[in-house]
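Structure at a glance
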Amino acid sequence: MQPFEYVRATDPAAGVAAAAALAGSRYLAGGTNLVDLMKEEVERPPRVVDITRLPLRQVQRTRGGLSLGALLTNTETANHPLVRENYPLLSQAIVAGASGQLRNMATNGGNLLQRTRCNYFYDLATPCNKRQPGSGCAARDGRNRIHAVLGWSEACVATYPGDMANALYALDAAVRVRTPAGAERLIPVTELHRLPGDTPQRDTTLEPGELILGIELPVAAAAFARHAHYLKVRDRASYAFAMVSVAAALELDGQRIRQARVVLGSVAHKPWRSAVAEAALVGQSVGEAAFRQAGQLALQDARPLAHNGYKVELGRRAVERALMRAARLA
Ligand code: SF4
């Protein structure tokens with residue numbers, strides 16, 4: 001591991017100032033991704049700003065909904081009664097991720113910012129535009145079974161691997177951020193992650209030094225509490241990243257769909273919310289026909305690589321299955 005400077009932040013302003021003052025600094029919270037990356041020398045920050053003592057662990061009802069601190073652990077978030085009652089999709093998605101031990105350490109902010117699990121990203125002997133811009137992409141013509149089928153570019157075909165963010169996309173959450181200028185801004189979570197384009201080294205729209213303070217869940221998203229399901233398809237039953245995952249949510253008026261949410265995970269460089277599938281579901285009756293069509297629409301723009309064509313049909317069926325379960329028909 002490369003030597004680095006360690007700074008412990010005493011308040012958010014001091015933490016942001018310390019990170020913004022030295023390019024390439026990283027925030028340390030649960031450390032479940034960053035420390036691995038540093039040990040492998042994929043990440044070599046000159047300064048690590050420890051934010052674990054900051055007061056960002058609240059679960060608070062607000063006029064707009066529910067505010068979750070960035071430093072709440074994934075376990076604390078998934079188990080909280082207000083989350084389970086109003087946003088069960090979020091609890092389901094978190095529990096589908098990682099292992100119990102990791103969820104006890106991982107924080108909400110860090111979970112959102114976890115980096116891809118592309119094997120070549122971790123292998124310093126291979127070219128990788130995300131790790132070393134301009135070096136090439138070993139996965140494009142390499143083994144790309146776990147890679148993207150939507151939204152990829154010639155520069156990078158990696159996927160975003162998380163589960164929690166998929167649910168937050170479906171729930172129209174927002175991320176509250178502190179900027180180096182001392183201001184706070186709200187970013188709709190759907191605008192937090194980026195597609196790779198020509199700059200895959202940038203995973204998110206955060207500016208250097210910006211610190212995630214918390215996640216805001218809108219009260220309106222509680223309308224999905226009764227009909228939501230998180231489906232994760234993976235190589236083994238637990239402690240594995242998804243091949244494809246789906247966050248599905250419905251608001252029903254009897255058997256009629258009033259609102260729908262369809263978000264696919266592990267198919268693109270960011271959670272993939274399908275506006276076309278959601279729009280097609282509105283006004284329809286719940287059932288296989290509507291849900292199958294939603295699956296077809298959600299994958300209609302898929303461009304599989306050499307080894308991941310299976311994700312297209314798997315994605316279609318996973319959307320159908322997740323919606324069936326959300327509607328309690330399966
Ligand atoms: Fe690197 Fe992205 Fe290519 Fe993987 S897919 S090798 S992360 S550039």
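Residues numbered from 1 in each chain as written. Predicted model: local features only at pLDDT ≥ 70, side-chain atom pairs only at ≥ 80, totals over all residues. Heavy atoms only, no water.

1. Remarks on the UniProt feature "domain: FAD-binding PCMH-type" (unreviewed entry) in the chain
Taken from the UniProt record, the annotation "domain: FAD-binding PCMH-type" (unreviewed entry) applies to residues 1–222. End C-alpha atoms of residues 1–222 are separated by 45 Å, and the span's content is 26% helix alongside 17% strand. (UniProt positions renumbered as here; feature names shortened; annotations may be inferred. Helix = DSSP H or I, 4+ residues; strand = E, 2+ residues; numbered from the N terminus.)

2. Description of the site of the ligand
Residues in contact with the ligand amount to 14 residues; listed here are only the nearest, Cys 118, Cys 128, Cys 137, Cys 156 and Val 157. Among the residues forming the shell around the ligand, the class breakdown is 11 nonpolar, 2 polar and 1 charged. (Near = heavy atom within 4 Å. Nonpolar A, V, L, I, M, F, W, Y, C, P; charged D, E, K, R; others polar.)

3. Points about helix α5 (residues 88–96)
Most of α5 sits out of view: 7 of its 9 residues are buried. Considered for burial, the residues of α5 that qualify are Pro 88, Leu 89, Leu 90, Ser 91, Ala 93, Ile 94 and Ala 96. At the C-terminal side of α5, Ala 98 shows a positive phi close to 55 degrees. (Buried < 20%, exposed > 50% of the residue type's maximum accessible area, 1.4 Å probe, protein only.)

4. A look at empty space enclosed by the protein
Over the atoms, a rolling probe the size of a water molecule traces out where space has been left empty. The full count for this structure, using the stated rule, is 1 cavity of 30 Å³ or more. Put simply, the largest cavity is a space of about 90 Å³. Lining the largest cavity are 17 residues, with Cys 118, Cys 128, Cys 137, Cys 156 and Ala 158 positioned closest to its centre. When grouped by side-chain class, the residues that make up the lining of the largest cavity number 12 nonpolar, 4 polar and 1 charged. (1 Å grid on protein atoms, 1.4 Å probe; cavity = no way out; pocket = protein on both sides within 12 Å on 5 of 7 lines; lining within 4 Å. Points joined across faces, edges and corners; volume = space filled by probe spheres on them.)

5. What about the packing of aromatic side chains?
We describe a pair of aromatic rings using the distance from one ring centre to the other and the angle between the two ring planes. Within the structure shown, the criterion is met by 1 aromatic pair. On the numbers, 5.4 Å between centres and 90 degrees between planes, the contact of Phe 121 with Tyr 122 is edge-to-face. Positioned above the aromatic ring of Trp 152 is the side chain of Arg 303, whose terminal nitrogen or guanidinium carbon lies 3.9 Å from the ring centre. (Phe/Tyr/Trp six-rings, centres within 6.5 Å; stacked < 30°, edge-to-face > 60°. Lys NZ or Arg CZ within 6 Å of the ring centre and 35° of its normal.)

6. A short note on the nonpolar core
Generally speaking, nonpolar side chains in soluble globular proteins are found buried as a group. Residues Leu 68, Leu 89, Leu 90, Leu 112, Leu 168, Leu 171 and Leu 217 are the most contacted members of the largest nonpolar core, which totals 39 residues. Elements with a minimum of two residues in this core: β5 (65–69), α4 (81–86), α5, α9 (164–170), β6 (174–178), β8 (211–218), β9 (228–234) and β10 (242–253). Top contributing element to this core by residue count: α9, with 6 residues. In this structure Leu 168 touches Leu 90, Leu 112, Ala 173, Val 189, Ile 215 and Leu 217, once residues within four positions along its chain are discounted. Counting 32 residues, the second-largest nonpolar core is a separate cluster that includes Val 267, Val 286, Leu 297 and Ala 298. (Core = buried A, V, L, I, M, F, W, Y, C linked by side-chain atoms within 4.5 Å. Contact = heavy atoms within 4.5 Å.)

7. Notes on the side chain of Asn 166
Here Asn 166 lies in helix α9. With a relative accessible area of 0%, Asn 166 lands in the buried category. A polar atom in the side chain of Asn 166 sits 3.0 Å from the backbone oxygen of Gly 162. Those residues in contact with Asn 166 that sit more than four places away from it in its chain are Tyr 230, Ser 245, Ala 247, Val 263, Leu 264, Gly 265 and Pro 271. (Polar contact = N/O pair within 3.5 Å; in protein donor to acceptor, adjacent residues only side chain to side chain.)

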